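What follows is each chain in one-letter form.
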There are 2 protein chains.
Amino acid sequence: MKPHSRTSIKDVEFTDRDRESLYKTIFNRRDVRGQFLPNDIPDDKVARILQAAHHAPSVGFMQPWNFIVIRSNTIRERIFQSFLEANEEAAKMFAKEKQENYRSLKLEGILDAPLNICVTCDRSRSGPVVLGRTHIKTVDLYSTVCAVQNLWLAARAEGLGVGWVSIIKEQALHEILNIPEDIVPIAYLCVGKVSHFNATPDLEKAGWRKRLPLEDLVFFDQWKEQRADGSDSLIDEIRNAGNDIGKYKFTS
Amino acid sequence: MKPHSRTSIKDVEFTDRDRESLYKTIFNRRDVRGQFLPNDIPDDKVARILQAAHHAPSVGFMQPWNFIVIRSNTIRERIFQSFLEANEEAAKMFAKEKQENYRSLKLEGILDAPLNICVTCDRSRSGPVVLGRTHIKTVDLYSTVCAVQNLWLAARAEGLGVGWVSIIKEQALHEILNIPEDIVPIAYLCVGKVSHFNATPDLEKAGWRKRLPLEDLVFFDQWKEQRADGSDSLIDEIRNAGNDIGKYKFTS
C-alpha cells in the first residue's frame, strides 16, 4: 500500500466559531469561591471534564496524574478544618493594613461545592528516566498543571465553577486523603454548579490587585527588550486583542 | 441605586456547540515537533494567543508571567545548540535498548518554527507575601503553567502548532535569553504554522508509551479507593466519554 502523502492527510478544520467558543471559555473562566450550589453534578459532566484533563500534554507522554474525586462530607469537613487553620496563619503573614481585607475574602468552597477533586502527580509513573525530564526536573509537575487547566476550561463550558484551594498544608492533604509521600498533590479543586459566574476575577473585584497590561509583560528576543525594531505591530495587535475581549464578556 | 439582585445577573450562555468546539480543541491539541512551516505568523494571531495566556488563573491574581517572543535567528541558533548538547546527555541516560528509539525521535522545532516563546515566572511580582502562596510555595509556578496551556489551546484553534522543549539546561536559558537568576523559565515553546497535525501524540505513534485508561487513574474520596459503592456510574461515564472522543478526531 502506498503511504499517505502529505496532502492526503485530512486535518481537522477549525472555524471562526470554534475559535470564538474557545476564547469565550478562556475569558469567562473564573476561580469560583462564593457561588456554589449544592446540586449534584451529573456523572457524564464529571466524566467529560476528567477526560479533558487526561488529554493534557505530558512530558514523555507520562500522564503522571491521578484524580481523587471527593464527595464524602467527612473528608471534606477535615479538609475544611485544615483550610481554616492554614488561613488563620496566612492572614497573620500580611501587613496589618491588609489583614482586614484578607479576612473579608471568601477563599474556598470546600463544603459549598458538592464535589472536590484532588489532582496529584506520580513522579515515578514511567520509571526513573523520563523523556524530556532529563534536565528540567519539574516538568512532570507542570504536565499535571496542564491537566488542571484543561479540566477548568471544560468545566466552564459545562457550566460548572471550579475553585483552586491552595491555602492548605501539603502534609494535611497527604494525611487526610491517604496520599503516599512520593506522590505530589498539585491542586485541590472545588467543583459545582453555581448561581452565576462573575465577570471579573474576585480579587480584581475586591480591589486586591489589578489586571496588568499585557504589553508590559512581553519582551523581544531577550529579557527586558521591549518593542524592538519592527516589533511594534505586535504590541499594537496585543492592545487590539485586549480591546476585543469585551465582546466575549458580560456585565453583572 | 438598588443593588443588582442575584437574578438580574446576565450570565454568558454556553451552547452545546461551544462545548464541542472546546473539546475539539483539547482532543486535537498536539505537542508539535516535526511539521513546522517557515511561514510568518500574522501578529494578530500571536497577540490573541498571548492574551489567552494572560487570562489564565493566577494565585493571588499575581499574573507572574512574562513572554519573551523570540524571532532572532542568532538567539534560536544558540538555543538549538544548547538543546543538542542536552539531548546527547539525555540519550545516554536511557537503557541501551531504548537509546536507538530515543535518538530516532524528533524532539524540537526550534529553528523550523519561525517563532519561539519563552514563558517565565517572576516569583516576586506582587511582593513577598502572596495570597494563596502562603503554604504551598510552588503555586506561582503552576499559575504560569496554566498560562502556557491556555496559549497552547488558543494556538491550536488558530491553526498553529506548539511544541514545548524541555530538553535544555535551565542555566542556558538564563544565559542566552539574559533572564535574571530570580526569574524562573517555565516553558520554552516553538510556535508556527504546520503542514498538518497528527491525530495522536508523537510518542504514542512512535510506540514510546501508550495512553493510559483514565478509569484506572480515578479514585474515590481517598488515594487508591476505586469504585466505591454507588460510584460505578462515574466509571461507566468515563468510559462513555472516552469512546466519544473519536468523533472529534480524524484519521491520517
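See the structure printed just above.
As a starting point, this report considers the structure included with it. (Residues numbered from 1 in each chain as written. Chains lettered and ligands numbered in written order. Predicted model: local features only at pLDDT ≥ 70, side-chain atom pairs only at ≥ 80, totals over all residues. Heavy atoms only, no water.)

1. Points about the nonpolar core
Applied cut-off: Nonpolar core, defined: a set of buried Ala, Val, Leu, Ile, Met, Phe, Trp, Tyr and Cys residues in which side-chain atoms within 4.5 Å join the residues together. Any residue under 20% of the maximum accessible area for its type is buried, any over 50% is exposed, and the rest in between are partly exposed; the area is computed with a 1.4 Å probe on protein chains only. Contact between two residues is taken to exist if any of their heavy atoms lie within 4.5 Å; hydrogens are not considered.
Counting 190 residues, the largest nonpolar core has Leu50(A), Leu177(A), Leu50(B) and Leu177(B) as the members making the most contacts within it. Those residues in contact with Leu50(B) that lie beyond four places of it in its chain are Leu214(A), Val218(A), Ile238(A), Phe67(B), Val69(B), Ile117(B) and Leu151(B).

2. Digging into the pattern of salt bridges
Pairing is possible between side chains that carry opposite charge, provided their charged atoms lie close to one another. Residues and elements named next belong to chain A. Basically, it comes down to this: Here, a salt bridge means any side-chain nitrogen of Lys or Arg that lies within 4 Å of a carboxyl oxygen of Asp or Glu. Starting at the N terminus, helices and strands are each numbered in turn, a helix being any DSSP run of H or I of at least four residues and a strand any DSSP run of E of at least two.
One pass over the full model with this rule turns up 38 salt bridges over all chains. Across the pair Asp 44 and Arg 48 runs a salt bridge whose closest N-O atoms are separated by 3.2 Å. Taken together, the residues span about one helical turn, with Asp 44 and Arg 48 both in helix H2 (residues 43–54) at a distance of 4 residues. Two residues, Glu 215 and Arg 239, come together in a salt bridge whose shortest N-O distance is 3.1 Å. Pair noted here: Glu 215 is in the loop between helix H7 (202–205) and strand S5 (218–220) and Arg 239 is in helix H8 (residues 232–244), with a separation of 24 residues, a long-range link.

3. As for the interface of chain A and chain B
In plain terms, the rule: What gets called buried area is simply the loss in accessible area from a 1.4 Å probe that two parts show on being joined, summed for both. Two N or O atoms count as a polar contact when they lie within 3.5 Å, although within protein this holds only if one can serve as hydrogen donor and the other as acceptor, and sequence-adjacent residues are included solely when both atoms are side-chain atoms. Polarity classes work like this: nonpolar for Ala, Val, Leu, Ile, Met, Phe, Trp, Tyr, Cys and Pro, charged for Asp, Glu, Lys and Arg, and polar for all others, with Gly in that last group. Any two strands between which DSSP finds at least two bridges are classified as paired.
Contacts between chain A and chain B engage 125 residues on the former and 125 residues on the latter. In total, about 11500 Å² of surface goes out of reach between chain A and chain B, with carbon and sulfur atoms giving 65% of it. At the surface where chain A touches chain B, the tally comes to 4 salt bridges. A salt bridge links Asp11(B) to Arg156(A); the shortest N-O distance between them is 3.9 Å. The interface formed by chain A and chain B contains 56 residue pairs in polar contact (both at pLDDT 80 or more). Here the side of chain A that touches chain B gets 12 residues from one element, more than from any other, and that element is helix H5 (residues 139–157) of chain A. Residue composition of the side of chain A that touches chain B, by class: 70 nonpolar, 28 polar and 27 charged. Summarising the sheet, S5(A) and strand S1 (residues 65–70) of chain B pair through 3 bridges and their orientation is parallel. Each residue of the ladder has a partner; that of Val218(A), found in S1(B), is Phe67(B).

4. Considering the relation of the copies chain A and chain B
Note the cut-off: Here the copies are superposed with least squares, the fitted atoms being C-alpha atoms of residues at a pLDDT of at least 70 in both.
Expressed as a screw transformation, the operator carrying chain A onto chain B has a rotation angle of 180° and an axial translation of 0.0 Å, and the superposed copies differ by an RMSD of 0.0 Å. The relationship between the two copies is best expressed as a two-fold rotation axis. The rotation axis passes nearest to the C-alpha of Leu22(A) in chain A, at a distance of 2.7 Å. Most of the interface of chain A is mirrored in chain B, where 100% of its interface residues are also at the interface.

5. Considerations on the packing of helix H1 (residues 16–28) of chain A against helix H1 (residues 16–28) of chain B
Just so we agree on the cut-off: Where helices are involved, their axes are fitted lines through C-alpha atoms of the stretch in contact, as for all axes, and angles between N-to-C directions lie from 0 to 180°. Roughly parallel here means an angle under 35 degrees, roughly antiparallel means over 145, roughly perpendicular means 65 to 115, and every remaining angle is called oblique.
For the pair H1(A) and H1(B), interaxial distance at closest approach is 8 Å and the crossing angle is 90°. One way to sum up the angle between H1(A) and H1(B) is to call them roughly perpendicular. On H1(B), the residues touching Arg17(A), Asp18(A), Ser21(A), Leu22(A), Lys24(A) and Thr25(A) of H1(A) are Arg17(B), Asp18(B), Ser21(B), Leu22(B), Lys24(B) and Thr25(B). A class-by-class count of the residues in the contact of H1(A) with H1(B) yields 2 nonpolar, 4 polar and 6 charged.

6. Quick notes on the sheet that holds strand S4 (residues 183–193) of chain A
With mixed pairing, 5 strands are arranged side by side in an open sheet as S3(A)-S4(A)-S2(A)-S1(A)-S5(B). Each edge of the open sheet is held by one strand with a lone partner, namely strand S3 (160–165) of chain A together with strand S5 (218–220) of chain B. Mean inter-strand twist for the sheet, computed between neighbouring axes without regard to direction, equals 25°. Two elements, strand S2 (residues 115–122) of chain A and S4(A), share 8 bridges in a ladder whose sense is antiparallel. The partner of Thr120(A) across the bridge, within S4(A), is Pro185(A). In this fold helix H6 (residues 170–177) of chain A packs onto strand S1 (65–70), S2 and S4 of chain A, with an angle of close to 75° to the strand it touches most, S4(A).

7. Some thoughts on the side chain of Thr25(B)
Here Thr25(B) shows up in helix H1. Owing to a relative accessible area of 0%, Thr25(B) belongs among the buried residues under this scheme. There is a polar contact of 2.7 Å between the side chain of Thr25(B) and the backbone oxygen of Ser21(B). When near neighbours in sequence (up to four residues on either side) are disregarded, Thr25(B) contacts Phe14(A), Leu22(A), Leu153(B), Arg156(B) and Ala157(B).

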